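Close look at the chain arrangement
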Amino acid sequence: MPKEEKKPLNLKYFVTTRKFLLVSIGLSCLSIFIFFSFIFPKVQSIQEYRKELEDEQAKLQQLQDKLNILENVNSIDAFSERDRIDTILPSQKPLFSLLQKFEALAQNNNVVISSFNLSPGEISTESADTKKKSSKAEKETLQALEIEAAVVGEVTDLNAFLRAVDNLSPITDVTKISFTPAKGIEDLEEASSIFEADLSLSTYYYTGKPEAQVDQELPTIETLDKETLDTLTQFDIADFPQPVVTDDGFEATPGAKKQLFE
Amino acid sequence: MDNTQLAFDINFLRKRKKELSAIEKTDKKYAMWMGYVVGSLIFLLLFVTGVNFFFSTRISRVKAEAKKAQNDISDQKNIEEQYLTLAEKMKFITQILSDKAQKSEAIQFFTETFSTDTTSIKEMRYEDSGTLIFQLNSTNIFVLQEAIAVLSSQEVRDNYNSVVMSDITRDSQGQYIMQVLVTLKAPEEPEPEKETEPKANLEEFIVN
């Protein structure tokens, strides 16, 4: 018997008889290709887009809120009171206005300033501005003028004076105080009621220059109740020549001659 | 060769055709289903592309609005700087006032109480920890005893967290000098049990 010969694969025959199977295989390969090459990346990009959209919308909302505040800024109570706030905490060294007010307070409260020591430090001029300031000074936007003063008067008057200093604008803080009976008064009766108060005071002023940054959120403005605002700005220096800030930043009181010391 | 086998051999084509038809039918079914799958995927691809396009358009629009808002904000730079300055000033003022309020009240109380012809206050200072420290001068021991009584009174205890009296000395002029430390702010930890009322007896406080 002749051996059975192995039949070679007849490709043509296979293609002819199983063409639909080949089509199925082709379509499944195509579907896999479509899914992994197009659909899957697009689904991933949709997720990324969603996150990006959320971030952009949050950023837009923040910008719109900020713009809304800036456009309606005059409706904020504190903003409409900013002149008074600038009086309470001025943006320049309140040297002359402080000297004027201090003396006026002493006169109003029937006390005498027996000594006064103030270190004004650097007066702001163009040359001073160009000098390199210490890094500490640059960082601190709240500065203080330090005053050492001795005030003589009766206890009630001294306390009234201290209350007035407490409510003084620019905002002033009594950091140290010492009450002693006044010396050198010949009248014994008067000597028992007259005291000398040695005071150390700090008068604050603001030196910051905040820079506006578009993407930065606006801070909330602390509210200050009206009573406190009234109290702090009750001392009016309208009768005194108003200090002016010249082009070089120097605070000057033209024509004012005041005797500070008795 | 018998007749059956001959008949079988003659009809092989029909049988084969039958077999092939069955196979072809199955293959056609598979091809049909795969066609549906591909069609669905194409449909899904179109949908996903549409969603993609929607999101990208939306993002572009939001970015354009944000850009416009940024330009509007830039135009109001001066107002923003005024606002920032005001906010910082208000923060400082509120902070300074809250520190001052309690302190001022305490300073006034003690200066009014002890600025008399027999007592006086020296070197009063305020520490950031909420402590008021001063030196109380008395002309004689009886005046000092009265001063201690005042400092130990219920009124003072109600208004201040603690009053510590220490370092009583006598100078060459016969004046008694005592250090007083008044704590203004409430402590964070729970307060320990209050001690019994200190006696207004001078001997308790004399430091040799």
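Here goes a summary of the coordinates provided. Computed from a predicted structure; not experimentally measured.

**Thoughts on the overall build of chain B**
A tally of helices and strands in chain B yields five helices and four strands. Each helix (α) and strand (β) of chain B, taken in turn from the N terminus, gives the series α-α-α-β-β-α-α-β-β. Within chain B, buried positions represent 35% of all 208 residues. Here the contacts in chain B between residues at least 6 apart in sequence split such that 52% fall between residues at least 24 apart. Of the accessible surface of chain B, which amounts to about 13,200 Å², a share of 54% is contributed by carbon and sulfur atoms.

**Here we look at the packing of aromatic side chains**
Residues and elements named next belong to chain B. If you walk through the whole model with that rule in mind, you get 13 aromatic pairs over all chains. Judged by centre distance (5.3 Å) and plane angle (85°), the rings of Trp33 and Tyr36 are edge-to-face. Of this pair, Trp33 and Tyr36 are both found in helix 2 (residues 12-75), three residues apart, which corresponds to roughly one turn of the helix. Summarising the aromatic geometry, the rings of Phe110 and Phe114 are spaced 6.4 Å apart at their centres and angled 10° between planes, so their arrangement reads as stacked. With Phe110 and Phe114 both in helix 3 (residues 77-114) and four residues apart, this pair spans about one turn of that helix. Accessibility classification places Phe110 together with Phe114 in one group, the buried group. Linked through ring pairs, Phe109, Phe110, Phe114, Phe134 and Tyr160 together constitute an aromatic cluster. The side chain of Lys91 reaches across the aromatic face of Phe92, ending 5.2 Å from its centre.

**Points about the pairing of strand 4 (residues 194-206) of chain A**
For a regular strand, side-chain orientation follows a simple rule: the groups alternate between the two sheet faces. All names here are of chain A. Across the 13 residues of strand 4, 11 count as buried, placing the element largely inside the fold. Two strands pair when backbone bridges link them, and strand 3 (residues 172-181) and strand 4 are joined in this way by nine bridges, in the antiparallel orientation. Note that in strand 4 the partner of Ser178 across the bridge is Asp198.

**Description of empty space enclosed by the protein**
Enumeration over the complete set of coordinates arrives at one cavity of 30 Å³ or more. Estimates place the volume of the largest cavity at around 90 Å³. Lining the largest cavity, in full, are Asn159(A), Leu162(A), Arg163(A), Asp166(A), Val174(A), Ile177(A), Ser104(B), Ile107(B), Gln108(B) and Thr111(B). At the level of secondary structure, the elements contributing two or more residues to the lining of the largest cavity comprise helix 8 (155-166) and strand 3 of chain A together with helix 3 of chain B. Counted by class, the lining of the largest cavity contains four nonpolar, four polar and two charged residues.

**Considering helix 8 of chain A**
Residues separated by three or four positions in an α-helix point in the same direction, a consequence of the helix having 3.6 residues per turn. With 12 residues, helix 8 of chain A extends 16 Å between its outermost C-alpha atoms, agreeing within 8% with the 16 Å of an ideal straight helix rising 1.5 Å per residue. Buried within helix 8 of chain A we find Val155(A), Asp157(A), Leu158(A), Asn159(A), Phe161(A), Leu162(A), Val165(A) and Asp166(A).

**Details of the side chain of Lys103(B)**
Following the sequence through the fold, Lys103(B) ends up in helix 3. A polar side-chain atom of Lys103(B) sits 3.4 Å from the main-chain carbonyl oxygen of Val174(A). Those residues within four positions of Lys103(B) in sequence are excluded, and the remaining contacts are Asp173(A), Val174(A), Tyr126(B) and Leu184(B).

**What about a nonpolar patch on the surface?**
Residues and elements named next belong to chain A. A cluster of nonpolar residues, Leu11, Phe14, Val15, Leu22 and Ile25, forms a patch on the protein surface that exposes about 410 Å² of accessible area. Where the nonpolar patch is concerned, the elements lending two or more residues are helix 1 (11-17) and helix 2 (19-71). With respect to the secondary-structure elements, Phe14 resides in helix 1.

**Points about the packing of helix 3 of chain B against helix 4 (residues 141-151) of chain B**
Residues and elements named next belong to chain B. Across the interface, helix 3 lies against helix 4 with an axial gap of 12 Å and an inter-helix angle of 150°. The orientation of helix 3 relative to helix 4 falls into the category roughly antiparallel. Here the hand of the crossing between helix 3 and helix 4 comes out right-handed. Along the contact surface, helix 3 presents Phe110, Thr113 and Phe114, while helix 4 presents Ala147, Val150 and Leu151. Class assignment for the residues of the contact of helix 3 with helix 4 results in five nonpolar, one polar and no charged.

**Brief notes about helix 4 of chain B**
All names here are of chain B. Among all positions of helix 4, only Val143, Leu144, Ala147, Ile148 and Leu151 are buried. The buried residues of helix 4 occupy an angular sector of 140° when the element is viewed end-on, so they sit on one face. Exposed side of helix 4, more than 90 degrees from the buried face: Phe142 and Glu146 are the residues found there. Elements that come into contact with the buried residues of helix 4 comprise helix 3, strand 1 (119-127), strand 2 (131-138), helix 5 (154-159), strand 3 (162-170) and strand 4 (176-183). Residue Asn140 occupies the N-cap position of helix 4, its side-chain oxygen lying 2.9 Å from the main-chain nitrogen of Phe142.

**Some thoughts on the nonpolar core**
In terms of nonpolar packing, the biggest core is built from 51 residues, with Phe161(A), Phe110(B), Leu136(B) and Met178(B) touching the most fellow members. If we skip the residues at most four places from it in the chain, Met178(B) touches Phe134(B), Gln135(B), Leu136(B), Leu144(B), Ile148(B), Leu151(B), Met165(B), Ser166(B), Asp167(B) and Ile168(B). The next biggest cluster of nonpolar side chains, apart from the first, holds 33 residues, and it includes Val73(A), Ile73(B), Ile93(B) and Leu97(B).

**Description of unusual backbone geometry**
The residue after Ser169(A), namely Pro170(A), is reached through a cis peptide bond having omega 10°. Positive phi values are uncommon outside glycine, yet Asp167(B) reaches one of about 55°. The exposure class assigned to Asp167(B) is partly exposed, which follows from its relative accessible area of 44%.

The rules behind these values
Residues numbered from 1 in each chain as written. Chains lettered and ligands numbered in written order. Predicted model: local features only at pLDDT ≥ 70, side-chain atom pairs only at ≥ 80, totals over all residues. Heavy atoms only, no water. Helix = DSSP H or I, 4+ residues; strand = E, 2+ residues; numbered from the N terminus. Buried < 20%, exposed > 50% of the residue type's maximum accessible area, 1.4 Å probe, protein only. Contact = heavy atoms within 4.5 Å. Areas by Shrake-Rupley, 256 points an atom, 1.4 Å probe, with all protein chains shown as cover. Phe/Tyr/Trp six-rings, centres within 6.5 Å; stacked < 30°, edge-to-face > 60°. Lys NZ or Arg CZ within 6 Å of the ring centre and 35° of its normal. Pairing = 2+ DSSP bridges. 1 Å grid on protein atoms, 1.4 Å probe; cavity = no way out; pocket = protein on both sides within 12 Å on 5 of 7 lines; lining within 4 Å. Points joined across faces, edges and corners; volume = space filled by probe spheres on them. Nonpolar A, V, L, I, M, F, W, Y, C, P; charged D, E, K, R; others polar. Expected span 1.5 Å × (residues − 1). Polar contact = N/O pair within 3.5 Å; in protein donor to acceptor, adjacent residues only side chain to side chain. Patch = residues over 30% accessible without salt bridge, like charges linked within 9 Å, V, L, I, M, F, W, Y side chains within 5 Å. Salt bridge = Lys/Arg side-chain N within 4 Å of Asp/Glu carboxyl O. Axes fitted to C-alpha atoms, helices over the stretch in contact; angles between N-to-C directions. Parallel < 35°, antiparallel > 145°, perpendicular 65-115°, else oblique. Left-handed = near helix turned anticlockwise from the far one by under 90°. Arc of directions from axis to C-beta. Core = buried A, V, L, I, M, F, W, Y, C linked by side-chain atoms within 4.5 Å.

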